[in-house]
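Below are the chains, spelled out letter by letter.
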Amino acid sequence: DPQFTGAGQGALIVLDGLGEIATERGDYATATALLEEALTLYRELGDPSGIANMLIQLGWAAMRTGDCEAAHTMLEEALALQRQLGDRARTALAQSGLGEVAVRQGDFDRAAVLLEESMATRKALGQKWGVATVYGTMAWSAMLKGDYHGAIDLLGESIAIRKELGDKGGVAWCLERLAEIAHALGRHTRAATLYGAAAAMRESIGSVVDPADQAEHDRRVVAVRARMTQGEWQRYTGEGRAMAFEQAVEYALQGE
């Protein structure tokens, strides 16, 4: 790594750390500003590992706010750098990001190649959380193609690992996908219950739906709500909200 002053190193650590915190909180504007500042410093230093890491974080922030073109550009550059560096773990991370971008753009064939490559590496490295996230993105791709049963199986795989890791935000995301599938299959009360469980799970940790997905999420919730009376909606979402984490996971995995 290039040698640079302790002050410069400290500034980069702080910018990176603050950027990650802002990302976790869903404050993508702040995160992007901080990470772009760090990226500029890494480029000035000629540090390819630092450049690649910032590009991955910036790519994810862009994707979460709906700018898939910017996300694709940054993640492609990061992927090329990580391959040059021989960093298998971060190569797999960049591939999974590009896989999600491809899903969002409706390029399911490209997504499949990227996600399968990422999955193989993450399984080989024993990265449980990474494996769980790739299962989730694969499930989303299957769902969008209308392969609901394939998506349910993949979501089950993702939820089982996320439960073990205590990843409530990730489980909530999976429950929301299962709710979409339940609605598509005409199981509206199950969809309402899953939405209730997911909402409570998110609230318990301060998690939010990604800005890029909020409008679609709201539209889907309204569509489910329209299929029942106000009393039924309150009853079923209330039952979901009342579930403990383990209960919600069991309900999701049972398919009942």
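So, how was this worked out
- Sequence order sets the numbering: in each chain, residues are counted from 1 along the sequence as written.
- With the structure being a predicted model, the display of local features is reserved for residues of pLDDT at least 70 and the display and counting of side-chain atom pairs for 80 or more, all residues being used for whole-chain, interface and lining totals.
- Think of the side-chain values as coming from all heavy atoms in the structure, minus any hydrogens and water.
- Runs of H or I in DSSP of at least four residues are treated as helices and runs of E of at least two as strands, each being numbered from the N terminus.
- Throughout this description, buried means an accessible area under 20% of the type-specific maximum (1.4 Å probe, protein chains only), exposed means over 50%, and partly exposed covers the range between.
- One speaks of a salt bridge when a side-chain nitrogen belonging to Lys or Arg is within 4 Å of a carboxyl oxygen belonging to Asp or Glu.
- Pairing of aromatic rings covers Phe, Tyr and Trp, the last through its six-membered ring, and needs centres within 6.5 Å; plane angles under 30 degrees mean stacked, over 60 mean edge-to-face, and all others mean tilted.
- Each axis is a line fitted through C-alpha atoms, taken for helices only over the stretch in contact, and angles between the N-to-C directions span 0 to 180 degrees.
- In a left-handed crossing the near helix is turned counterclockwise from the far helix by less than a right angle, and in a right-handed crossing that turn is clockwise.
- Contacts are residue-level and defined by heavy atoms, with any inter-residue pair within 4.5 Å sufficient.
- Any residue that is not Ala, Val, Leu, Ile, Met, Phe, Trp, Tyr, Cys, Pro, Asp, Glu, Lys or Arg is counted as polar, Gly included; the first ten are nonpolar and the last four charged.
- Here a helix's expected span is defined as the number of its residues, less one, multiplied by 1.5 Å.
- Per residue, pLDDT measures the predictor's confidence, with a range of 0 to 100.
- Side-chain atoms within 4.5 Å link the members of a nonpolar core, which is a set of buried Ala, Val, Leu, Ile, Met, Phe, Trp, Tyr and Cys residues.
- Defined by distance alone, a disulfide is two cysteine sulfur atoms within 2.5 Å.
- Angular relationships are summarised with four words: roughly parallel below 35 degrees, roughly antiparallel beyond 145, roughly perpendicular across 65 to 115, and oblique for the angles in between.

1. Concerning the side chain of H188
Considering the arrangement of structural elements, one finds H188 in helix 10 (residues 188–205). Residue classification places H188 among the buried residues on the basis of a relative accessible area of 14%.

2. Quick look at the pattern of salt bridges
Summed over the entire model, instances satisfying the criterion amount to 17 salt bridges. Between R219 and E216 there is a salt bridge; the shortest N-O distance is 2.9 Å. Of this pair, R219 and E216 both sit in helix 11 (residues 211–225), three residues apart, which is roughly one turn of the helix. Take R219: its relative accessible area is 47%, and that puts it in the partly exposed class. Salt bridges linked by common partners bring R64, E100, R104, D210 and D213 together as one network.

3. A few points about the packing of aromatic side chains
One pass over the structure, following the stated rule, counts one aromatic pair. Between W140 and W173, the ring centres sit 6.0 Å apart and the planes meet at 90°, which makes this aromatic pair edge-to-face. Of this pair, W140 sits in helix 7 (residues 128–144) while W173 sits in helix 9 (residues 168–184), and the two are 33 residues apart along the sequence. Of the two residues, W140 and W173, both sit in the buried class.

4. Regarding the packing of helix 9 against helix 13 (residues 245–254)
At a minimum axis distance of 11 Å, the contact between helix 9 and helix 13 shows a crossing angle of 35°. Considering only the axes of helix 9 and helix 13, their crossing is left-handed. Facing helix 9, whose interface residues are K168, V171, L175 and L178, helix 13 presents F245, A248, V249 and A252. Its residues placed into classes, the contact of helix 9 with helix 13 shows seven nonpolar, no polar and one charged.

5. Considerations on helix 11
In this model, helix 11 (15 residues) spans 22 Å end to end at C-alpha, consistent with the 21 Å of a helix rising 1.5 Å per residue. All of the buried residues in helix 11 are D213, H217, V221 and V224. Each element contacted by the buried residues of helix 11 is listed here: helix 5 (88–104), helix 7, helix 9, helix 10 and helix 12 (230–242).

6. Things to note about the confidence of the model for the protein chain
Chain-level statistics for the protein chain give a pLDDT mean of 92 and a share of 91% at 70 or above. Confidence drops under pLDDT 50 across residues 1–7; counting only partners more than four residues distant or on other chains, this segment forms six contacts.

7. Quick look at the nonpolar core
Core analysis: the biggest nonpolar cluster contains 44 residues, and L155, I159, L175, L178, L194, M201 and V224 have the highest contact counts within it. Counting 27 residues, the second-largest nonpolar core is a separate cluster that includes L15, I56, L75 and L93.

8. Side note on the state of the cysteines
Counted according to the given criterion, the structure contains zero disulfides. Considering cysteine sulfurs only, C174 is the nearest to C68, which forms no disulfide, with 19 Å between them.

9. A look at the packing of helix 7 against helix 9
Helix-helix packing is characterised by the crossing angle of the two axes and by the distance between the axes. Contact geometry of helix 7 with helix 9 gives a least axis separation of 11 Å together with a crossing angle of 15°. Taken together, the axis directions place helix 7 and helix 9 in an arrangement best described as roughly parallel. For helix 7 against helix 9, the interelement crossing comes out left-handed. When helix 7 is examined against helix 9, the residues G136, T137, W140 and M143 are found in contact with a partner set consisting of W173, R177, E180 and I181. Residues that form the contact of helix 7 with helix 9 fall into these classes: four nonpolar, two polar and two charged.

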